[in-house]
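# Residue-level structure breakdown
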Amino acid sequence: MNTDIPLPGLDRLMEVYRKHGLHMRTLPPGHSPPAGGELVAGYPFDPVLATVYRRLGGADFGGEFGGQLFLDHVNDQLNGVALRTEQFREEEEPFRSSVFFGNIPGLAYYFAVVPKLADERGRQPVIFVDAYMDRYVLPIASDVDRFFDALSHFVDMLVVDQGYLFDGMPGIHFPTSVPELIARDRRLVEMIATGRFDFIMNLGDEFQDWLARVKSARG
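About the criteria used
- Residues numbered from 1 in each chain as written.
- Predicted model: local features only at pLDDT ≥ 70, side-chain atom pairs only at ≥ 80, totals over all residues.
- Heavy atoms only, no water.
- Pairing = 2+ DSSP bridges.
- Helix = DSSP H or I, 4+ residues; strand = E, 2+ residues; numbered from the N terminus.
- Axes fitted to C-alpha atoms, helices over the stretch in contact; angles between N-to-C directions.
- Contact = heavy atoms within 4.5 Å.
- Salt bridge = Lys/Arg side-chain N within 4 Å of Asp/Glu carboxyl O.
- Buried < 20%, exposed > 50% of the residue type's maximum accessible area, 1.4 Å probe, protein only.

### Overview of the sheet that holds strand 4 (residues 58-61)
- Across the sheet, 7 strands lie side by side as 1-4-5-6-7-8-9; this open sheet has antiparallel pairing. Single-partner strands in this sheet number two, and they are strand 1 (24-27) and strand 9 (136-141). Adjacent strand axes in the sheet meet at a mean angle of 25°, parallel and antiparallel pairs treated alike.
- Relative to strand 8 (residues 126-130), strand 7 (residues 109-113) runs antiparallel, the two sharing 5 bridges. Residue pairing in the sheet places Phe-111 in a bridge with Phe-128 of strand 8.
- Against the sheet, helix 3 (residues 80-88) touches strand 5 (69-71), strand 6 (99-103) and strand 7, its axis set at about 110° to strand 6.

### Regarding the pattern of salt bridges
- A complete count under the given rule lists 11 salt bridges for this structure.
- We note a salt bridge from Asp-11 to Arg-55, for which the minimum N-O separation is 2.7 Å. Separated by 44 residues along the polypeptide, Asp-11 in helix 1 (residues 8-19) and Arg-55 in helix 2 (residues 47-55) bring together distant segments of the chain.
- Using a relative accessible area of 39% as the deciding quantity, one classes Asp-11 as partly exposed.
- On the basis of relative accessible area, Arg-55 is assigned to the partly exposed category, the value being 36%.
- Its salt-bridge partner being Glu-180, residue Arg-213 comes within 2.9 Å of it at the nearest N-O pair. Of the two residues, Arg-213 is situated in helix 8 (residues 208-215) and Glu-180 in helix 6 (residues 179-182); the sequence distance between them amounts to 33 residues.

Encoded structure:
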């Protein structure tokens, strides 16, 4: 299905980067990006990501050092979403249930959707995956465009952070520093509170407070 979905979150993210004069590089889309529901790396492709890749062939928000998002390239020669997802396929959870679409540049911090948690319209929630030794997952958005929206508000916070202004070393990080920002996504909060992500999370004590602060927004 090739039905375009409004992307106000992506529009806001791009506008925030322009407004603050931050590094942003986007690539033109390919001629035939995957459609929503089409199998990519063995999973139905998220319809929101499908719309994103009809607009962009990939993107770099922030550059190699201190950037916030490298959106994997999908064009006529390469499907970076499929390549990265298949690279992780033999790993345990959260890797085997996730489709990866981006990362924080230079770090093993990834953004992925979870196909088995798709809603009735096929839209898949987004998780943050720390792929270092302790390997943990934080649910961060009920769909990809809500993720872009949350990231855009974080960047608004980042550009006035004193550490970032002084030496480019921020005192806040996405998503670990901003549970209240994540909690604005009420559908995500409901999914967390009802245990939808329990099978994929392995949080140590240091993130129980983060999770509790997100869930406290329910109701």
